[in-house]
Amino acid sequence: MNLTYGVITVVGVLVAISLALIIADPDGAPESRAMVIPENKIAQIEKDLNQLSVNPSLLPSITNVGDALILEVEFRDDGGNVVDHVNYDIFATQNSNSILSDPASHRHPGKYPIHESSALDASLIQIQVVVQGLGHGDDIFGPKGIETTFTITPMVSAQTTTETVIKTADNSGTSMDCQADLDCYTPSIVTVSVGDVVTMLNSDSAAAMHSFTAGTVDGFTPSPSGTFDTGIMSADDSFEWIPESAGEIPYYCMLHTWMQGTIIVE
Ligand SMILES: [Cu+2]
């Protein structure tokens with residue numbers, strides 16, 4: 001097998017020598033006397049190459065939704081030996097839409113094409129690799145038109161969730177002073193993301209009971225929205241709420257309706 005790869009190198013070297021001669025002597029024709037491989041030997045090598053199996057594999061084959069698929073294609077024969085100088089086409093689709101099209105790619109030792117798709121959605125990625133022979137220029141041997149398909153499921157990257165803690169202000173149940181400063185709840189306005197954990201804590205040092213009740217207050221008349229309601233919380237009680245959709249959610253304390261706050265969910 002090494003001999004078969006060897007001939008590709010030999011052919012490459014001969015091409016290089018020919019080019020070198022052309023460059024060294026622009027008026028002269030390429031010297032053909034360097035071609036010393038017997039014709040029957042070349043025929044045998046070509047025959048071996050044409051029977052060579054070339055199996056593509058993808059490096060790497062994992063990717064995230066929203067990112068581009070970035071990969072290279074490696075080729076091995078049935079014995080597991082790396083095959084270089086491979087000409088190939090590579091295409092990828094999602095939902096029948098093209099996300100990558102690199103026809104006429106060539107994998108050369110030390111020069112491995114990196115293929116990059118457009119940004120991925122969550123659907124299956126179908127990848128098609130078509131081997132188009134080994135070698136360079138006019139010296140293409142080996143299997144052509146051999147197609148291999150791959151399917152990859154893009155991964156959803158783990159979302160980082162953050163925890164937000166909203167506390168009741170000290171003495172907020174006995175004095176309406178906090179209302180003027182908008183700090184009966186601290187902080188009284190918070191911005192969180194869908195999926196974040198919002199912890200509501202009754203930390204009032206006066207040990208008063210309070211609630212965090214989603215809704216609005218008109219004068220002293222509350223209108224609960226039902227989005228969340230901690231119910232009456234004793235001192236140091238806490239309640240966790242995880243928003244599922246974006247929006248602006250006002251809330252109040254059902255025992256002290258001057259206590260009001262807003263959670264903005266993005
Ligand atoms: Cu209260």
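Residues numbered from 1 in each chain as written. Predicted model: local features only at pLDDT ≥ 70, side-chain atom pairs only at ≥ 80, totals over all residues.

Enquirer: Would you mind showing me how to read the environment of G79 here?
Expert: Along the chain, G79 falls in the loop between β2 (68-76) and β3 (86-94). Considering only alpha carbons, one finds G79 and S53, 26 residues apart in sequence, at a separation of 9.1 Å. (Helix = DSSP H or I, 4+ residues; strand = E, 2+ residues; numbered from the N terminus.)

Enquirer: Explanation requested: the sheet that holds strand β8 (residues 163-168) in the structure shown.
Expert: Strand pairing in a sheet takes place through backbone hydrogen bonds and is either antiparallel or parallel in direction. Spatially, β9-β8-β11-β14 is the arrangement adopted by the 4 strands of the open sheet, whose pairing is mixed. On the outer flanks of this sheet lie β9 (185-186) and β14 (238-241), each paired with one strand and no other. Sheet analysis places β8 next to strand β11 (residues 197-201), joined by 5 bridges and oriented parallel. Each bridged residue has a counterpart across the sheet, and for I166 the counterpart in β11 is M200. (Pairing = 2+ DSSP bridges.)

Enquirer: Hey, could you run me through the nonpolar core in this one?
Expert: Nonpolar side chains tend to gather and get buried jointly when the protein is soluble and globular. Counting 20 residues, the largest nonpolar core has L69, V86, Y88, I90 and A92 as the members making the most contacts within it. Put simply, the parts of the chain that give this core at least two residues each are β2, β3, β4 (97-107) and β6 (125-136). With 5 residues, β6 is the largest single contributor of residues to this core. When neighbours within four sequence positions are excluded, L69 is seen to be in contact with T63, A92, L100, S117, L120 and I125. In terms of nonpolar packing, the next biggest core, distinct from the first, is built from 17 residues, Y185, V192, F228 and C253 among them. (Core = buried A, V, L, I, M, F, W, Y, C linked by C-beta atoms within 7 Å. Buried ≥ 20, exposed ≤ 12 C-beta atoms within 10 Å, placed from the backbone. Contact = placed C-beta atoms within 7 Å.)

Enquirer: Explanation requested: the confidence of the model for the chain in the structure shown.
Expert: Scored by pLDDT, the chain comes out at a mean of 83, with 83% of its residues at no less than 70. Of all the helices and strands in the chain, helix α1 (residues 2-24) carries the lowest mean pLDDT, 41, while strand β15 (residues 247-252) carries the highest, 97. Low confidence marks residues 6-34, where pLDDT is under 50. Its contacts with residues over four positions away, or in another chain, come to 17 contacts. (pLDDT = per-residue confidence, 0-100.)

Enquirer: Is there a simple way to think about the pairing of β8 in this case?
Expert: When a strand is regular, its side chains alternate between the sheet's two faces. Two elements, β8 and β9, share 2 bridges in a ladder whose sense is antiparallel. Each residue of the ladder has a partner; that of T168, found in β9, is Y185.

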